[in-house]
Amino acid sequence: MKLVGVYLSPFVRRVAIALNCYGIAFERVEASVVDGRATIAQYNGLVRVPSLILDDGTVLIDSQQILADLDRQVAQDKRLCPALEKSQRPYGQMLALLTGALEKMVATFYETRRRPAEKIWPEWAAQCGDQAVGGIVAAEAGASDDVLLGGFLFEQRLTHADIVAVIAYETLSGALPDRVNVTVLPKLAALASRLGPTAAFASTRP
Ligand SMILES: N[C@@H](CCC(=O)N[C@@H](CS)C(=O)NCC(=O)O)C(=O)O
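From a predicted model like this one, the values you see are computed outputs, not experimental measurements.

Reading the values: the criteria
Residues numbered from 1 in each chain as written. Predicted model: local features only at pLDDT ≥ 70, side-chain atom pairs only at ≥ 80, totals over all residues. Heavy atoms only, no water. Helix = DSSP H or I, 4+ residues; strand = E, 2+ residues; numbered from the N terminus. Buried < 20%, exposed > 50% of the residue type's maximum accessible area, 1.4 Å probe, protein only. Contact = heavy atoms within 4.5 Å. Phe/Tyr/Trp six-rings, centres within 6.5 Å; stacked < 30°, edge-to-face > 60°. Lys NZ or Arg CZ within 6 Å of the ring centre and 35° of its normal. Polar contact = N/O pair within 3.5 Å; in protein donor to acceptor, adjacent residues only side chain to side chain. Pairing = 2+ DSSP bridges. Axes fitted to C-alpha atoms, helices over the stretch in contact; angles between N-to-C directions. Domains from an automatic or database assignment. Buried area = accessible area lost by both parts, 1.4 Å probe. Salt bridge = Lys/Arg side-chain N within 4 Å of Asp/Glu carboxyl O.

1. Details of the overall build of the protein
- Helices and strands together make up the secondary structure of the protein, namely eight helices and four strands.
- Reading the helices (α) and strands (β) of the protein from amino to carboxyl end gives β-α-β-α-β-β-α-α-α-α-α-α.
- For the C-alpha atoms alone, the extent of the protein along its principal axes is close to 45 × 45 × 30 Å.
- For the protein, buried positions account for 47% of its 206 residues.
- In the protein, the proportion of contacts linking residues at least 24 apart, taken out of those at least 6 apart, comes to 68%.

Set out below in structure tokens:
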């Protein structure tokens, strides 16, 4: 299969890390929404990344949908999802906070780096940044103390929530180091420092 997009996109990265964790081999089509739009458009009429091209030519889009599809191809006990019913709501909320924080960080990036200088709206960019920080701070508050003891966010096993938490921590601490750091977010920092260097994650660092 082929993964379309660059690892600067946190949504492309989360798909790549899940593929690595599942041991599914993939090729990359390194097209960026900045200068690779024509390539991306061949696969996805929305001209967004990620897209995943399956071996039979089927094109999947949107990281959440792609991962749900991949999860269905894996035996239930190997899925990167919590198994217990009681975990489903907090797991879903954790994913929503972390992916929401990343969406607002991407919006900040576009607002400050992609617009002509005279069209930048600093107040809007600052508001997006505040929302990104608010989302990841709320995720930290809801994170299990287990991560400080070498565990994971849910059920003592790696899930998509851990993957997105590491990406969110790396992305936001890189962009806003004064507001997103180990002092403010000790649990997510611990997770990032433990999982970030492993091959599945490190091989996708932009
Ligand atoms: N909900 C989507 C978000 C994907 C997304 O926002 N991708 C960005 C790059 S980080 C993109 O393609 N932006 C171009 C655009 O939307 O025009 C997902 O999870 O895949």
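2. Considering the packing of aromatic side chains
- Across all of its chains, the model carries three aromatic pairs by this definition.
- For the pair Tyr91 and Phe154, a centre-to-centre distance of 5.7 Å together with 90 degrees between the ring planes defines the contact as edge-to-face. One end of the pair, Tyr91, is in helix α4 (residues 85-114); the other, Phe154, is in the loop between α5 (122-142) and α6 (160-175), with 63 residues separating them in the sequence. Both residues of the pair, Tyr91 and Phe154, count as buried.
- Residues Trp121 and Trp124 carry aromatic rings whose centres are separated by 5.9 Å and whose planes lie at 25 degrees to one another, so their mutual orientation is stacked.
- Given a relative accessible area of 31%, Trp124 falls into the partly exposed group.
- Here the basic side chain of Arg28 rests over the ring of Tyr7, its NZ or CZ set 3.5 Å away from the ring centre.

3. Re the side chain of Ser173
- Tracing the sequence through the fold places Ser173 in helix α6.
- There is a polar contact of 2.6 Å between the side chain of Ser173 and the backbone oxygen of Tyr169.
- A polar atom in the side chain of Ser173 sits 3.5 Å from the backbone oxygen of Glu170.
- For Ser173, the residues in contact, after removing those within four places along its chain, are Ala168 and Val180.

4. Concerning the sheet that holds strand β3 (residues 51-53)
- Spatially, the four strands line up as an open sheet ordered β2-β1-β3-β4, and their pairing is mixed. Edge positions in the open sheet fall to β2 (27-29) and β4 (59-61), since each of these has one partner strand only. The average angle at which neighbouring strand axes cross in this sheet is 25 degrees, direction not considered.
- Pairing geometry for strand β1 (residues 2-4) and β3, over three bridges, is antiparallel. The partner of Val4 across the bridge, within β3, is Ser51.
- Across the sheet, helix α3 (residues 63-72) touches β3 and β4, and the angle it forms with β4 is around 125 degrees.

5. With respect to the domain arrangement of the protein
- Annotation of the protein at the domain level lists domain 1 (2-78) and domain 2 (85-202).
- Counting residues at the interface gives 17 residues for domain 1, matched by 16 residues for domain 2.
- Buried surface at the junction of domain 1 and domain 2, both sides included, amounts to about 1400 Å², of which 67% is carbon and sulfur.
- Where domain 1 packs against domain 2, one counts one salt bridge.

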